[in-house]
Amino acid sequence: MTYIRVRLAAGVLGLALVGGLAAAPTASAAAGAPVTVEEQRLDQAAPQEILRRSGFDTVAPGFARALERAGSFGQAERVVVRQGARLWQRAVDRAQGRGPAGGDLSRDDDRPLYWARLGMTREVRQWEPEFGLTDKQRTRLLDELEMNSRGENTIRYPHAKGVKRILLTGFDPFTLDRDVRISNPSGATALALDGTTIRTADGPARIETAVFPVRWKDFAQGTVERTLRRQLPRVDLFTTVSQGRVGRFDVERTNGAWRGGFPDNENVSRTETVPVTDPASQPQWTSTTLPYARIVAAPTGRFPVYDHTSVTEIPAGGTDPVVRPDGPTPGSTARAGGGGDYLSNEIAYRATLLRDRLGLHDSLPGGHVHTPVLQFGTGNTDPATGTVTDPEFVQNRLDIIAQVRAIVTVAVSGTGR
């Protein structure tokens, strides 16, 4: 997820999250219903190679066959829920070394989940069953598929005493029109850590995860709050994670209530105040309650970790945006949080606002961590001629995953409610 308003001329690939033959279309593709911008990218060579080299190229065709066997909306909904959850679990299992790899693509790769899900949503969008689907029913099927294939409905913690609870979220790949090969290390981290137990200075801690879409509309419709509202009162720590700057981690101190307009994965732009419920009580800024000083001081991995305090604001009584290296001033209007003005800032803002509205500000550590940009190896930087993976790319992703795990371990030590 981008760090701040993306300036392509300034080489802001460092501030963004960051070929085989196309597969034959499935039978339902003949329906000719419109597909989304995201789904249109699916037929490019790189996504098809990623699916083939992971074994996930069978997901959408199998899902289509199961849909065709559904004789009613109720049966279709059960298919969608079951196979969406199965896709999530398959991606988690692959990332954590369980079951067959399905191909030679490294197990830590988050992209098979992303592209396979789009294959499934395209099937739902184009499916025309004999019993008929209303627009409302089709939307419900798509919503169920999204929730179940993103881990949103599988967040469960053990009841054992003495086991702390951590909630971590990641994101899909994005800026795919710039380079369709892009992977998102925050999504890869979520897959690698979901359902795992880490050892901390205070004992074991269980991590549960989910991966969110890079779409403005989903956030406006409350996907973050829907997923986190029930979980935050039960956990000991949460952190939203996204990709940020080149060569560094950042613990973002302050989040702003502003959307800066950079296009999302559907090439939609939004420039406005972050839309939330009860806007009359909406603050311009929210703050991290993660133990940033302890995180920054700890030896967590190869990348430096910073306590990032800068924001962009319109000062009280002013009209022009001003960068404030030490955080916002009283009465100011947000134009970018520490995490920028894109969806990484927005998920941090929404999660911490929800924390505060639930009365948990003083008891629940939570905030946002930006990972380094996941970079391809030297000589593999041209999207037109490069390969979908290389050894340096894989090692960079593994190192980022390991360092997020270490950061979370440090952060949760000494917590508990």
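By the naming in an unreviewed UniProt entry, the chain goes by Pyrrolidone-carboxylate peptidase (N-terminal pyroglutamyl peptidase) and is assigned to Streptomyces mirabilis.

(A) Here's a closer look at the sheet that holds strand 11 (residues 311-314). One open sheet accounts for three strands, arranged 12-11-13; its pairing is antiparallel. Edge strands, defined here as strands with exactly one partner in the open sheet, are strand 12 (322-324) and strand 13 (333-336). Taking the axes of each pair of neighbouring strands and ignoring which way they run, one obtains an average angle of 45 degrees across the sheet. Where strand 11 meets strand 13, three bridges bridge the pair, whose relative direction is antiparallel. Bridged to Thr 312 within strand 13 is Ala 336.

(B) Representation of the packing of aromatic side chains. This structure, assessed with the given rule, holds ten aromatic pairs. Plain terms: the ring middles of Phe 249 and Phe 303 are 6.1 Å apart, the flat faces sit at 65 degrees to each other, and that makes the pair edge-to-face. Taken together, the residues span a long stretch of sequence, with Phe 249 in strand 5 (residues 249-252) and Phe 303 in the loop between helix 10 (292-297) and strand 10 (305-308) at a distance of 54 residues. Between Phe 262 and Tyr 342, the aromatic rings sit 5.3 Å apart at their centres with planes inclined by 85 degrees, giving edge-to-face as the arrangement. With Phe 262 in the loop between strand 7 (258-260) and strand 8 (271-273) and Tyr 342 in the loop between strand 13 and helix 11 (343-357), this pair connects stretches of sequence that are 80 residues apart. Looking at Phe 262, the relative accessible area reads 18%, which means it is buried. The cationic tip of Arg 181 hangs over the ring face of Phe 376; the distance from NZ or CZ to the ring centre is 4.0 Å.

(C) Region of the structure containing the sheet that holds strand 4 (residues 237-243). Pairing is mixed in the open sheet, where seven strands are placed in the order 2-3-1-4-14-5-10. On the outer flanks of this sheet lie strand 2 (197-200) and strand 10, each paired with one strand and no other. Ignoring which end each strand starts from, the neighbouring axes of this sheet average 30 degrees apart. Direction of pairing for strand 1 (residues 164-171) relative to strand 3 (residues 203-212): parallel, over a ladder of eight bridges. Bridge pairing in strand 3 places Leu 167 opposite Glu 208. Along the sheet, helix 7 (residues 185-193) makes contact with strand 1, strand 3, strand 4 and strand 14 (366-371), crossing strand 1 at roughly 145 degrees.

(D) Representation of the confidence of the model for the chain in the model. The predicted model of the chain averages 93 in pLDDT, with 92% of residues at 70 or higher. Every residue in residues 2-32 scores below 50 in pLDDT, and together they form 85 contacts with partners more than four places removed in sequence or on other chains.

(E) Spotlight on the pattern of salt bridges. Using the criterion set out here, one finds 33 salt bridges in the structure. A salt bridge links Arg 53 to Glu 49; its shortest N-O distance comes to 2.8 Å. Residue Arg 53 is classed as buried on the basis of its relative accessible area of 19%. Here the salt bridges do not stand alone but share partners, grouping Glu 38, Arg 117, Glu 146, Arg 150, Asp 172, Arg 215 and Asp 218 into one network.

The rules behind each value
Residues numbered from 1 in each chain as written. Predicted model: local features only at pLDDT ≥ 70, side-chain atom pairs only at ≥ 80, totals over all residues. Heavy atoms only, no water. Pairing = 2+ DSSP bridges. Helix = DSSP H or I, 4+ residues; strand = E, 2+ residues; numbered from the N terminus. Axes fitted to C-alpha atoms, helices over the stretch in contact; angles between N-to-C directions. Phe/Tyr/Trp six-rings, centres within 6.5 Å; stacked < 30°, edge-to-face > 60°. Buried < 20%, exposed > 50% of the residue type's maximum accessible area, 1.4 Å probe, protein only. Lys NZ or Arg CZ within 6 Å of the ring centre and 35° of its normal. Contact = heavy atoms within 4.5 Å. pLDDT = per-residue confidence, 0-100. Salt bridge = Lys/Arg side-chain N within 4 Å of Asp/Glu carboxyl O.

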